[in-house]
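So the chains spell out like this:
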Amino acid sequence: MNWILLVIAGLFEVAFASCLGKAKETTGMVSTYWMIGFFVCLAISMFLLYKATQVLPIGTAYAVWTGIGAVGTVLVGILIFKEPATFWRIFFLSTLIASIIGLKFVSSH
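The rules behind each value
Residues numbered from 1 in each chain as written. Predicted model: local features only at pLDDT ≥ 70, side-chain atom pairs only at ≥ 80, totals over all residues. Heavy atoms only, no water. Helix = DSSP H or I, 4+ residues; strand = E, 2+ residues; numbered from the N terminus. Contact = heavy atoms within 4.5 Å. Salt bridge = Lys/Arg side-chain N within 4 Å of Asp/Glu carboxyl O. Buried < 20%, exposed > 50% of the residue type's maximum accessible area, 1.4 Å probe, protein only. Core = buried A, V, L, I, M, F, W, Y, C linked by side-chain atoms within 4.5 Å.

Student: Please give an account of the side chain of Ser31 that cites residues and values.
Tutor: Mapped onto the elements, Ser31 comes out in helix H2 (residues 28-52). Every residue in contact with Ser31, bar those within four places of it in the chain, is listed here: Ala23 and Thr26.

Written out as structure tokens, the structure reads:
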């Protein structure tokens, strides 16, 4: 269950980073709404990370959380914000995913 909470926390990290990106692209009330989304997603992500670290080792949980956030944010950047999908970006993104999976498998919980 704690791993599920951690994955959901990572997805909310992707959401708050994406909201921040959209807030940067907009103005006025639309930007304000994206910033509200940013703060809501940030709060949910932090709370779920806190709950997961009550059982999981903090080092592993934090690495997995930031890894999910990094991978997800890069993918959102490529798919939504039209950032470049170069060979080296995809290569290093793949190594990051492999590292996240490896941390899950070697974790004692």
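Student: Report on the pattern of salt bridges, specifying residues and quantitative values.
Tutor: In this structure the tally under the stated criterion is 2 salt bridges. One salt bridge in this structure joins Glu25 and Lys22, with 3.6 Å as the shortest N-O distance. Of the two residues, Glu25 and Lys22 are both situated in helix H1 (residues 2-25); the distance of 3 residues between them amounts to about one turn of the helix. A residue is classified by how much of its surface remains accessible, and Lys22, at 26% relative accessible area, is partly exposed. The shortest N-O distance in the salt bridge between Glu83 and Arg89 comes to 3.2 Å. Glu83 gets classed as partly exposed once you look at its relative accessible area, which sits at 35%. On the basis of relative accessible area, Arg89 is assigned to the partly exposed category, the value being 28%.

Student: Can you break down the nonpolar core residue by residue, with the values?
Tutor: Leu6, Leu56, Val64 and Trp65 are the most contacted members of the largest nonpolar core, which has 19 residues in total. Mapped by element, the contributors of at least two residues to this core are H1, H2, helix H3 (58-79) and helix H4 (87-106).

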